[in-house]
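Here's the letter readout for the chains.
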Amino acid sequence: MTTENKICFQHGMRDGSPIALGYFAVAFTLGIAARNAGLSAIQAFFASVLNNASAGEYAGFALIAAGSTYVEMAVMTLVVNARYLLMSCALSQKLKANTPLRHRMMIAYDVTDEIFGICVAQPGYLNPWYAYGAIVVAIPGWAFGTFFGVIMGNVLPTRVVSALSVGLYGMFLAIIIPPARKSRVIAGVVAVVFAASYFANRLPLFDGVSTGIKTIALTVALALAAAVLFPTDTKSSVGALDSENASHSP
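Just so we're clear, the structure is a prediction, and the values are computed from it rather than from any experiment.

A. Quick look at the overall build of the protein chain. Along the backbone of the protein chain there are 12 helices and zero strands. Across the protein chain, helices and strands are ordered from the amino to the carboxyl terminus as α-α-α-α-α-α-α-α-α-α-α-α. Buried residues in the protein chain amount to 34% of all 250 residues. Intrachain contacts of the protein chain at a sequence separation of at least 6 include 80% that bridge at least 24 residues.

B. Spatial organisation of helix H5 (residues 83-92). Buried within H5 we find Tyr84, Met87 and Leu91. Seen along its axis, H5 keeps its buried residues to an arc of 55 degrees; they face one direction. Of the residues in H5, the exposed ones pointing more than 90 degrees away from the buried face are Leu85 and Leu86. Along its buried surface, H5 packs onto helix H6 (101-108) and helix H7 (113-120).

C. Summary view of the environment of Tyr125. Relative to the helices and strands, Tyr125 resides in the loop between H7 and helix H8 (128-155). Along the backbone, Tyr125 and Lys94 are 31 residues apart, and their C-alpha atoms lie at a distance of 5.0 Å.

D. Layout of H7. Residues of H7 that are buried include every one of Ile115, Phe116, Ile118 and Cys119, and no others. Each element contacted by the buried residues of H7 is listed here: helix H1 (3-36), H5 and H8.

E. Highlighting the pattern of salt bridges. In the structure shown here, the tally under the stated rule is one salt bridge. Residue Arg14 pairs with Asp15 through a salt bridge whose shortest N-O separation is 3.0 Å. For Arg14, a relative accessible area of 52% gives the class exposed.

F. Spatial organisation of the nonpolar core. Grouped together as the largest cluster of nonpolar side chains are 37 residues, with contacts concentrated most on Phe61, Leu91, Ile107 and Cys119. Per-element tally for this core: the top contributor is H8, with 11 residues. Sequence-distant contacts of Ile107, that is, excluding residues within four places in its chain, are made with Leu91, Leu95, Pro128, Ala131, Tyr132 and Ile135. Grouped together as the second largest cluster of nonpolar side chains are six residues, Ala55, Ala59, Met73 and Val80 included.

G. Focus on a nonpolar patch on the surface. Taken together, the side chains of Tyr198, Phe199, Leu203, Leu205, Phe206 and Val209 present a nonpolar region at the surface, about 570 Å² in accessible area. Mapped onto the elements of the fold, Leu205 is located in the loop between helix H10 (184-202) and helix H11 (211-229).

H. View of the packing of H1 against helix H3 (residues 54-65). At a minimum axis distance of 9 Å, the contact between H1 and H3 shows a crossing angle of 15 degrees. Between H1 and H3, the angle falls in the class roughly parallel. Crossing handedness for the pair H1 and H3: left-handed. Taking contact as the criterion, the partners of Leu30, Ala33 and Ala34 in H1 are, on H3, Ser54, Glu57, Tyr58 and Phe61.

I. Layout of the confidence of the model for the protein chain. With 82% of its residues at a pLDDT of 70 or more, the protein chain has an overall mean of 79. Below pLDDT 50 for its whole length, residues 236-242 participates in one contact with residues either more than four positions away or in separate chains. Predicted confidence is poor over residues 244-250, with pLDDT under 50, and the contacts of this stretch with residues over four places away or in other chains come to seven contacts.

J. Quick peek at the packing of aromatic side chains. Applying the stated criterion to the full structure yields 11 aromatic pairs. Look at Phe24 and Phe148: their rings are 6.4 Å apart centre to centre, the planes differ by 50 degrees, and that puts the pair in the tilted class. With Phe24 in helix H1 and Phe148 in helix H8, this residue pair connects regions lying 124 residues apart in the sequence. In this structure Phe24 comes out as partly exposed when scored by relative accessible area, which is 34%. Using a relative accessible area of 35% as the deciding quantity, one classes Phe148 as partly exposed. Geometrically, the ring pair formed by Tyr198 and Phe199 is edge-to-face, given 5.5 Å between the ring centres and 75 degrees between the ring planes. An aromatic cluster of at least three residues, connected via ring pairs, comprises Phe24, Phe45, Phe46, Phe144, Phe147 and Phe148.

K. Region of the structure containing the packing of helix H2 (residues 41-50) against H8. Taken N-terminus to C-terminus, the directions of H2 and H8 make an angle of 155 degrees; their axes are 8 Å apart at the nearest point. Judged by the angle between their axes, H2 and H8 are roughly antiparallel. For the element pair H2 and H8, the recorded crossing hand is right-handed. Listed contacts from H8 to Ala41, Ile42, Ala44, Phe45, Ser48 and Val49 of H2 are Trp142, Ala143, Phe144, Thr146, Phe147, Val150 and Ile151. Of the residues belonging to the contact of H2 with H8, the class tally is 11 nonpolar, two polar and no charged.

Rules behind the numbers
Residues numbered from 1 in each chain as written. Predicted model: local features only at pLDDT ≥ 70, side-chain atom pairs only at ≥ 80, totals over all residues. Heavy atoms only, no water. Helix = DSSP H or I, 4+ residues; strand = E, 2+ residues; numbered from the N terminus. Buried < 20%, exposed > 50% of the residue type's maximum accessible area, 1.4 Å probe, protein only. Contact = heavy atoms within 4.5 Å. Arc of directions from axis to C-beta. Salt bridge = Lys/Arg side-chain N within 4 Å of Asp/Glu carboxyl O. Core = buried A, V, L, I, M, F, W, Y, C linked by side-chain atoms within 4.5 Å. Patch = residues over 30% accessible without salt bridge, like charges linked within 9 Å, V, L, I, M, F, W, Y side chains within 5 Å. Areas by Shrake-Rupley, 256 points an atom, 1.4 Å probe, with all protein chains shown as cover. Axes fitted to C-alpha atoms, helices over the stretch in contact; angles between N-to-C directions. Parallel < 35°, antiparallel > 145°, perpendicular 65-115°, else oblique. Left-handed = near helix turned anticlockwise from the far one by under 90°. pLDDT = per-residue confidence, 0-100. Phe/Tyr/Trp six-rings, centres within 6.5 Å; stacked < 30°, edge-to-face > 60°. Nonpolar A, V, L, I, M, F, W, Y, C, P; charged D, E, K, R; others polar.

This is the structure in structure tokens:
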């Protein structure tokens, strides 16, 4: 490892440490969900190591608890985590053209909202070792948070476990409320999603449809409808990206 890479790695660890602490707290409540789905602490640990995504992992645990098939879980995880494909495309513009494929694949392994945010904010081109520094502290925080969540869920009284389970819903509220306050479109879409999910689980018409299929269908249909009816201004986004790349050019 060169001196430059070592410094970038250390900076990544520094910037990733607060993320790791936040991951531990969030993943702890996720561990409660894993425990309720019947997973052991070791199983939940490796689930978080392999899938460092709160929404995708929670969806997977929910489908496990509902007895869904492997196909339903695979499709649902792909749909819920699809936004990371867009983040990866954007982050690829921060890498030098001659960046080896092995570095690109290792960075892609852990493109989360928070790690993407600190990586894309780096001036100039992104040194892969900065991302590695952030990843090496963030993943243990997430995985061990889930691990201890399951353990504490098995030790604590049932009432306390039920109370801690509410924390996961608090996490989702923290995710959707800020953008919903800034955009009426997002707020409206969230309200429609809540209503559609409620009726899909209450109407007799959908009694024969599994929870996994209903969740996948609602996610794809509502996301597609929102994209078609309320498209974003891609020209301004591309222009902003071009300006940023130009300003960081050597």
